[in-house]
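Breakdown of the fold
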Amino acid sequence: LKVVHLGSNFNTSKIKIKQDFTHSYSFLEKKYILFVATIEPRKRQDIVLSAFEKLQKKYPHLVLVFVGSFGWKIKSLKNKIKNHPLKEKNFFHLENIDDNALKLLYKNAFLVTYLSDYEGFGLPIAESLFYNNITIVSNNSSIKEVGKNYVDYLKTNDDKNLVEIISKYLKDENYYIQRKEYLKTNYKNITWNKFYKK
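From a predicted model like this one, the values you see are computed outputs, not experimental measurements.

Inspection of the secondary structure assignment puts Ser-128 in helix 5 (residues 123-130). Overall, the relative accessible area of 0% leaves Ser-128 in the buried class. Setting aside its immediate chain neighbours within four residues, Ser-128 contacts Tyr-106, Val-112, Asn-133 and Thr-135.

This is how it looks when you write it as structure tokens:
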């Protein structure tokens, strides 16, 4: 078997910007957790939302941003997202955004989560690392082929473990900065051009 790593850079030079997030969303200036994926059971957005609710009590400035359309078998979670008391305040759900907007969201994120129960190739992990984001992921399937030693792996795929990891970065700014510097120095980006040539 051979792992072919997908590209993770955005070629946005010819894309017309549909949204001006700098004016529409003030959270870009705040510490926000980003999760990019279709909202469906195996992606486990429910774990991130639960962890965020617990962290928010101690860190009221914290923001959570979900990017992705609604999938299947998520009636209860869909209702919770649509009617969340922090919706459009500290919790945002964005659908149908263009690559320019997604690039901006990655560039400004405090950290990124991706807790899929199983994966073919976790492209959002590669995209996140492309922007040297601290990325917290589940420890299963092909995710290690993407994240290697550049991501934080959950010991158990639950909100308690996720709260512990995020809290470390919120409490210790030096630890956060050191981790970002490590990624900037050591992570080797894979572009779509490299993917094409390979």
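With that settled, the discussion passes to the sheet that holds strand 2 (residues 63-67). The strand order 3-2-1-4-5-6 describes an open sheet built from six strands, whose pairing is parallel. Each edge of the sheet is formed by a strand with only one pairing partner; in this case those strands are strand 3 (91-94) and strand 6 (152-153). Summarising the sheet, strand 2 and strand 3 pair through four bridges and their orientation is parallel. Counted as the bridge partner of Val-65 is Phe-92 from strand 3.

As a further point, take the pairing of strand 3. Along strand 3, one buried face is formed by Phe-91 and His-93 and the opposite face, lined by Phe-92 and Leu-94, is buried too. What joins strand 2 to strand 3 is helix 3 (residues 75-82), and the crossover it makes is right-handed.

So, on to the environment of Phe-52. Note on placement: Phe-52 falls in helix 2 (residues 45-58). Relative accessible area serves as the criterion here: at 1%, Phe-52 is assigned to the buried category. The spacing of Phe-52 and Leu-162 is 110 residues in sequence and 9.1 Å in space, taken between C-alpha atoms. When residues no more than four places from it in sequence are discounted, the contact partners of Phe-52 are Leu-62, Val-63, Leu-64, Leu-86, Asn-90 and Phe-91.

Here we take up the environment of Val-151. Topologically, Val-151 is positioned in the loop between helix 6 (143-147) and strand 6. Spatially, the C-alpha atom of Val-151 lies 23 Å from that of Gln-56, the residues being 95 residues apart in sequence. What Val-151 contacts, discounting residues up to four positions off in sequence, is Ile-125, Leu-129, Thr-135, Val-137 and Arg-179.

Moving on: the side chain of Asn-132. Along the chain, Asn-132 falls in the loop between helix 5 and strand 5 (135-137). The exposure class assigned to Asn-132 is buried, which follows from its relative accessible area of 18%. Those residues within four positions of Asn-132 in sequence are excluded, and the remaining contacts are Lys-180, Leu-183 and Lys-184.

What the rule picks out here adds up to 12 aromatic pairs. Between Phe-27 and Tyr-32 the ring centres are 5.2 Å apart and the planes differ by 80°, which places this aromatic pair in the edge-to-face class. A residue is classified by how much of its surface remains accessible, and Phe-27, at 1% relative accessible area, is buried. Between Phe-27 and Phe-92, the aromatic rings sit 4.7 Å apart at their centres with planes inclined by 45°, giving tilted as the arrangement. One end of the pair, Phe-27, is in the loop between helix 1 (21-24) and strand 1 (32-36); the other, Phe-92, is in strand 3, with 65 residues separating them in the sequence.

With that out of the way, let us pick up the nonpolar core. Counting 44 residues, the largest nonpolar core has Val-48, Leu-64, Phe-66, Leu-111, Ile-125, Leu-162 and Ile-166 as its most contacted members. One finds Leu-34, Val-36, Leu-105 and Val-112 within the second-largest nonpolar core, a separate group that totals 19 residues.

Take unusual backbone geometry next. Located in the positive-phi region is Glu-88, a residue other than glycine, with phi close to 65°. Note that Glu-88 resides in the loop between helix 3 and strand 3. Although it is not a glycine, Lys-148 sits at a positive phi angle of roughly 45°. Looking at the secondary structure, you find Lys-148 in the loop between helix 6 and strand 6.

The tally for this structure, following the rule as stated, stands at eight salt bridges. Asp-46 serves as the salt-bridge partner of Arg-44, at 3.1 Å between the closest nitrogen and oxygen. With its nearest N and O atoms 3.8 Å apart, the salt bridge here joins Asp-117 to Arg-44. Note that Asp-117 is positioned in the loop between strand 4 (111-114) and helix 5 and Arg-44 in the loop between strand 1 and helix 2, a separation of 73 residues in sequence. Residue class for Arg-44 comes out partly exposed when judged on its relative accessible area of 22%. If you follow the salt bridges from partner to partner, you end up with Glu-40, Arg-42, Lys-43 and Glu-119 in one network.

Reading guide: rules and limits
Residues numbered from 1 in each chain as written. Predicted model: local features only at pLDDT ≥ 70, side-chain atom pairs only at ≥ 80, totals over all residues. Heavy atoms only, no water. Helix = DSSP H or I, 4+ residues; strand = E, 2+ residues; numbered from the N terminus. Buried < 20%, exposed > 50% of the residue type's maximum accessible area, 1.4 Å probe, protein only. Contact = heavy atoms within 4.5 Å. Pairing = 2+ DSSP bridges. Right-handed = clockwise from strand over helix to strand, strands pointing away. Phe/Tyr/Trp six-rings, centres within 6.5 Å; stacked < 30°, edge-to-face > 60°. Core = buried A, V, L, I, M, F, W, Y, C linked by side-chain atoms within 4.5 Å. Salt bridge = Lys/Arg side-chain N within 4 Å of Asp/Glu carboxyl O.

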